Amino acid sequence: MTALLEVVDLVAGYDGSRVVDGVSLTVAAGESVALLGRNGVGKTTLLESIMGMVRPTAGEVRVEGRDVARKPAHVASRANVAIVPQGRRIFAPLSVAEHLQIAYRKGGAWSVADVYDLMPRLHERRDHLGSQLSGGEQQMLSIGRALLCSPKLVLLDEPSDGLAPAIVEQVRAVLRELASTGLALLVVEQDLRLAFDVADRVLVMAKGQIVHESATPAFRADGERARRLLGIG
Amino acid sequence: MTRRTGRLRPAGVLLLVVILAAVPFLLASYPVSLGGRILAFALVVVSTDLLTGVTGMPTLAQVGYFGVGAYSAGLVGIHWTDNLIVQLAVGTLAAGLLALVTGVVAVRTAGIVFLMVTLAIGELIHQVADRLDFLGASNGLVGIPAGTLYPGGEPLILAGYTYWWALLVFLLGLTVAYVVAKSPLGLSMRAVRESPTRLRAVGQSTYVVRLVAFIIAGAIAGAAGTAWTAQTRFVSPGDLAFSVSALALLSVVLGGAGTLWGPAIGAAVVFLTRDWLAANYFTGHADLLLGIVFVLAVFLLPRGIAGYQLSRRSDPPHSGAAA
């Protein structure tokens, strides 16, 4: 498969620290990749560096061959990368409809109606402000907002974080449907069931580096290795 | 559902416009001319709120652009034409152009740095007005003829006529500010106030959004300046002083940042306190009175006059389904 995203020797951090320490990875068009690891190993910083929300100090980020490293986030967005950030980060004083309007691009693959079809709850709540939504609704809105940027690759940072199990099931269904449409996903997730359900391939991070890579079935088959890498049990 | 700008009821707006338009029939000449100046100042405050409250860019430059509009209108009146519509167009355009030139640099900054840059812009314009002879230097620009509405028309000398012109410019400027705030650009302006990073992540250049907002606000302040000149027929560097910029910002806080109509009311309260209450009943204590008004506002109306009004009207927040 053709590499949609190529990250080469990426270094990023805050105030001189190296939270991401020489990461290289690829995501192919239409591929779903889970990025796993313990807390604080640099997963969020890696996603935000790819998106341009954190400025890398070294390395390359290429989207379809176009270099977006050290450029503002709107450059990555226009290169067809979207992010569903940790904690949803919706705009509290904007309504659901306004969130979608602000992200909508004419001629893009997704329309507001498509988003409402995928997540009908958003249509029911379209006139409510971001601050008036439940956590699950905010997560749906964050995903809908990302889709309206007409991405080929969506970066999802802990989409199940803080959600009730029933809502996680809805998020899982949405992500599976998106993966089936040929959208590439790079998912940081602590809920392994959700991650395994969505991803074709698993990457594991430790101390700012990718320390393991395998296909999802192979990773699941070796429970002892998974527990050791992820620090479970 | 709570909306920051609230919903204006058409009947209420119409009633308010009728009352404002009737002022020249109800009051004597001096209060009417004071009312006209309040309308011009209120429009500067609306432009300040468009940046400060709507876009999240607290600014001290708007009075400078107001001055550009006022001086431009005066120069056009002296050297070219007494037509108020031409003066309005030139003053608005000049202020918008200067906002573009200065904004290219200013909007690259944010927070306290942006505030200081806009303070510098305002002071620079003030100093230019105070030094250049063709602008009258410290004596101010004098000899501005009374304006007309069409070629060969009667000059607008009576306070009531210049008041109505100021009211017209105020309503036009306020309408533009409302249309912008409710437009897709206005959505982006509110979003950039909340989080520039998040707005960039959906593909929008925050630099462009902030620059366009800066230019529009500058142009509206310039229009206010032309309305000022039409009434006073004299512009002084003192009209552009830092203290006036501070009063504009105070009016935004007092009226309720981000609502546009609230700061316009805040401007009236500030102006009446300084130029009517202090002038007639507490001579020489205008600053003290304004200080008291501000302290009372902070304690009694932390979200401003409009914020108080909106909180009375708003529904309780929705708790939503279990997350």
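Our structure's up above, just so we're on the same page.
Residues numbered from 1 in each chain as written. Chains lettered and ligands numbered in written order. Predicted model: local features only at pLDDT ≥ 70, side-chain atom pairs only at ≥ 80, totals over all residues.

### Re the overall build of chain B
When helices and strands are counted, chain B shows 13 helices and 0 strands. In chain B, the order of α-helices and β-strands from amino to carboxyl end is α-α-α-α-α-α-α-α-α-α-α-α-α. Compactness check: chain B gives a C-alpha radius of gyration of 20 Å against a globular reference of 20 Å for 323 residues, within 12% of the reference. The proportion of buried residues among the 323 residues of chain B is 50%. Taking all contacts inside chain B whose residues are at least 6 apart in sequence as the whole, residues at least 24 apart take part in 77%. (Helix = DSSP H or I, 4+ residues; strand = E, 2+ residues; numbered from the N terminus. Rg over C-alpha atoms; globule rule 2.2 N^0.38 Å. Buried ≥ 20, exposed ≤ 12 C-beta atoms within 10 Å, placed from the backbone. Contact = placed C-beta atoms within 7 Å.)

### What about unusual backbone geometry?
Residue and element names in this part refer to chain A. One non-glycine residue, Asp-15, lies in the positive phi region at around 55°. Structurally, the position occupied by Asp-15 is in the loop between β1 (3–12) and β2 (20–28). On the basis of neighbour count, Asp-15 is assigned to the exposed category, with 4 C-beta atoms found within 10 Å. For Glu-158, which is not glycine, the phi torsion reads 50° and is therefore positive. If you trace the backbone, Glu-158 turns up in the loop between β7 (153–157) and α7 (165–180).

### Let's talk about α7 of chain A
Residue and element names in this part refer to chain A. With 16 residues, α7 extends 22 Å between its outermost C-alpha atoms, agreeing within 8% with the 22 Å of an ideal straight helix rising 1.5 Å per residue. Within α7 the residues assigned to the buried category are Ile-167, Val-171, Leu-175, Leu-178 and Ala-179. Axial view of α7: buried residues confined to an arc of 115°, hence all on one face. Of the exposed residues in α7, those oriented more than 90 degrees away from the buried face are Pro-165, Ala-166, Glu-177 and Ser-180. Backbone geometry just after α7 places Gly-182 at a positive phi near 95°. (Expected span 1.5 Å × (residues − 1). Arc of directions from axis to C-beta.)

### Re the environment of Val-104 of chain B
Mapped onto the elements, Val-104 of chain B comes out in helix α4 (residues 84–106). Residues Val-104 of chain B and Ala-223 of chain B, spaced 119 residues apart in sequence, show a C-alpha to C-alpha distance of 21 Å.

### Details of the packing of helix α11 (residues 261–281) of chain B against helix α12 (residues 286–300) of chain B
Residues and elements named next belong to chain B. Contact geometry of α11 with α12 gives a least axis separation of 9 Å together with a crossing angle of 145°. In the crossing of α11 with α12, the sense of the turn from one axis to the other is right-handed. For the pair α11 and α12, contact is made by Val-269, Val-270, Thr-273, Arg-274, Leu-277 and Ala-278 and by Ala-286, Leu-289, Leu-290 and Val-293, respectively. Considering only residue class, the contact of α11 with α12 consists of 8 nonpolar, 1 polar and 1 charged. (Axes fitted to C-alpha atoms, helices over the stretch in contact; angles between N-to-C directions. Left-handed = near helix turned anticlockwise from the far one by under 90°. Nonpolar A, V, L, I, M, F, W, Y, C, P; charged D, E, K, R; others polar.)

### Observations regarding the sheet that holds strand β3 (residues 32–36) of chain A
Residue and element names in this part refer to chain A. Taken in spatial order, the 6 strands of this open sheet run β6-β7-β8-β3-β9-β10, and their pairing is mixed. Across the chains shown, the open sheet's two edge strands, defined by having one partner strand only, are β6 (81–84) and β10 (209–215). Within this sheet the neighbouring strands show an average axis-to-axis angle of 20°, counted without direction. Direction of pairing for β7 relative to strand β8 (residues 184–188): parallel, over a ladder of 5 bridges. When the bridges of β8 are listed, Asp-157 appears paired with Val-188. Against the sheet, helix α1 (residues 43–51) makes contact with β3, β6, β7, β8 and β9 (201–206), and its axis sits at roughly 150° relative to β7, the strand it touches most. Here helix α6 (residues 135–147) sits on the sheet and contacts β6 and β7; the angle it forms with β6, its principal contact strand, is near 175°. (Pairing = 2+ DSSP bridges.)

### Some details on the nonpolar core
Counting 175 residues, the largest nonpolar core has Leu-185 of chain A together with Ala-42, Leu-43, Ile-220 and Ala-227 of chain B as the members making the most contacts within it. Examining the composition of this core, we find that 14 residues originate from one element, helix α9 (residues 206–232) of chain B, more than from any other. With residues up to four places along the chain from it excluded, the contact list for Ile-220 of chain B reads Leu-43, Val-46, Ser-47, Leu-50, Gly-173, Val-176 and Ala-177 of chain B. (Core = buried A, V, L, I, M, F, W, Y, C linked by C-beta atoms within 7 Å.)

### Quick look at the packing of helix α2 (residues 29–54) of chain B against helix α6 (residues 159–182) of chain B
All names here are of chain B. Between α2 and α6, the least distance of the axes is 8 Å, while the angle of their chain directions is 15°. Regarding the angle of α2 to α6, the classification is roughly parallel. Judged by the twist between their axes, the crossing of α2 over α6 is left-handed. When the residues that make up the contact of α2 with α6 are grouped by side-chain class, the tally is 18 nonpolar, 7 polar and no charged. (Parallel < 35°, antiparallel > 145°, perpendicular 65-115°, else oblique.)

### Quick word on the environment of Gln-101 of chain A
Mapping Gln-101 of chain A onto the fold places it in helix α3 (residues 96–103). In this structure Gln-101 of chain A comes out as partly exposed when scored by C-beta crowding, with 15 C-beta atoms within 10 Å. Here the alpha-carbon distance between Gln-101 of chain A and Leu-10 of chain A, two residues 91 residues apart in the chain, equals 34 Å. Residues contacting Gln-101 of chain A, with those up to four places away along its chain left out, are Pro-184 and Leu-187 of chain B.

### Observations regarding the interface of chain A and chain B
Note on interface size: it is often stated as the accessible area lost on association of the parts. Facing the 32 residues of chain A at the interface are 24 residues of chain B. For the side of chain A that touches chain B, the elements supplying multiple residues, two or more each, are α2 (73–78), α3 and α6 of chain A. Its residues assigned to classes, the side of chain A that touches chain B shows 17 nonpolar, 9 polar and 6 charged.

### Brief notes about the environment of Ile-157 of chain B
Residues and elements named next belong to chain B. Following the sequence through the fold, Ile-157 ends up in the loop between α5 (111–131) and α6. Its 11 C-beta neighbours within 10 Å are what place Ile-157 among the exposed residues. Spatially, the C-alpha atom of Ile-157 lies 9.2 Å from that of Ala-230, the residues being 73 residues apart in sequence.

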